[in-house]
Amino acid sequence: MQERGHSIDHLFDLFTGSGVLSLELLHRLPKNFVKEYHCIEIQKEFCPFLEKNRYIFFDTKFHIEGKVHCCDVFDFFKKYADCLKKEDIVVLNPPYYFYGEGQLPRDSKKQQCHFISEDYWLNFLLLLEKTSAIVFFQLKENTKLTEKTLKILQKKLKMIQPLSGNEIVAVF
C-alpha cells in the first residue's frame, strides 16, 4: 500500500469486534497515512470499548478522525459501497460460521459474532465485490463461509495467506 505513493482516504473496519484488525493495520502504516476511519459493529456491548479504543489509539496516538458505528454492517455498507474508491481500505473479520455450522460458544453474547445467515453474507459479498477499495478478510479455515467467500471472490482475489492458528487472510 505504501508503495502506491499516496495516502488512504477511509478505513472501514466491518464486523469490528475489538477493533484489533484496524489497530494493527494502522500501527504498521506511516503516521498520517490514513485520513479517516469507521468501525462498524452490530453488538452494542462492544461499542463502549470501541469508543475507548477510538480515543486512546485513533484520536490520541494516530491523530485520525473517526467514528464508531453501532449498527448492522450490511445496512451501513449499502450506504457507502458506491462511494468507495481505490484510496479506501475495507477490513473484515466476519463471523466464522453460517448458522447450523460450528459449535455454540459458551457465552451466549458471542453467538452473534460467531454465526451469520448465509443469505445475508452472500448478499453482502455481492455488494462488496463491486467496490474498488482494497479489501482484507480474516477468515477461519475450513468453514462453509470461507469456502463460499473464496469461491465467489476467486477472480478478484490477489492473495490468500495463512495466519497463525487456523485462520487465513484474503485480499482483493
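Scroll up to find the structure.
An account of the accompanying structure is given in this report.

So, how was this worked out
- Residues numbered from 1 in each chain as written.
- Predicted model: local features only at pLDDT ≥ 70, side-chain atom pairs only at ≥ 80, totals over all residues.
- Heavy atoms only, no water.
- Helix = DSSP H or I, 4+ residues; strand = E, 2+ residues; numbered from the N terminus.
- Buried < 20%, exposed > 50% of the residue type's maximum accessible area, 1.4 Å probe, protein only.
- Disulfide = S-S within 2.5 Å.
- Core = buried A, V, L, I, M, F, W, Y, C linked by side-chain atoms within 4.5 Å.
- Contact = heavy atoms within 4.5 Å.
- Pairing = 2+ DSSP bridges.
- Axes fitted to C-alpha atoms, helices over the stretch in contact; angles between N-to-C directions.

Some thoughts on the side chain of Gln138
Examined against the element boundaries, Gln138 turns out to sit in strand E7 (residues 134–140). On the basis of relative accessibility, which here comes to 15%, the residue Gln138 falls in the buried class.

Structural notes on the state of the cysteines
One pass over the full model with this rule turns up one disulfide. One disulfide bridge connects Cys47 with Cys70, the sulfur atoms lying 1.5 Å from each other. Of the two residues, Cys47 sits in helix H2 (residues 47–62) while Cys70 sits in strand E3 (residues 65–70), which places them 23 residues apart along the sequence. Here Cys47 falls in the buried class, since its relative accessible area comes to 7%. Cys47 supplies the cysteine sulfur nearest to Cys39, a cysteine that is in no disulfide, at a spacing of 9.5 Å. Unpaired in this structure, Cys71 has its nearest cysteine sulfur neighbour in Cys70, at a distance of 7.5 Å. On the basis of relative accessibility, which here comes to 24%, the residue Cys71 falls in the partly exposed class.

Comments concerning the environment of Ile40
Note on placement: Ile40 falls in strand E2 (residues 34–41). Ile40 gets classed as buried once you look at its relative accessible area, which sits at 0%. C-alpha of Ile40 to C-alpha of Ser164: the two residues are 124 residues apart in sequence and 25 Å apart in space.

Considerations on the nonpolar core
Ranked by internal contacts, the top residues of the largest apolar core, which has 29 residues, are Leu14, Val90, Leu92, Trp121, Phe124, Leu128 and Phe137. Every element with two or more residues in this core is listed here: strand E1 (8–14), helix H3 (73–80), strand E4 (88–92), helix H5 (118–129), E7 and strand E9 (167–171). If sequence neighbours within four positions are ignored, Phe137 has contacts with Leu92, Trp121, Leu125, Leu128, Thr149, Leu153, Ile168, Val169, Ala170 and Phe172. In this structure, Leu26, Leu29, Cys39 and Phe58 belong to the second largest nonpolar core, which totals 21 residues.

Section: the sheet that holds E4
The seven strands lie next to each other as E3-E2-E1-E4-E7-E9-E8, forming an open sheet whose pairing is mixed. Since the sheet does not close on itself, it has two edges, and those belong to E3 and strand E8 (159–162), each with one partner. Taken over all neighbouring pairs, the strand axes of this sheet differ in orientation by 15° on average, direction set aside. Where E1 meets E2, six bridges bridge the pair, whose relative direction is parallel. Residue pairing for E2: Leu11 is matched across the bridge by Tyr37.

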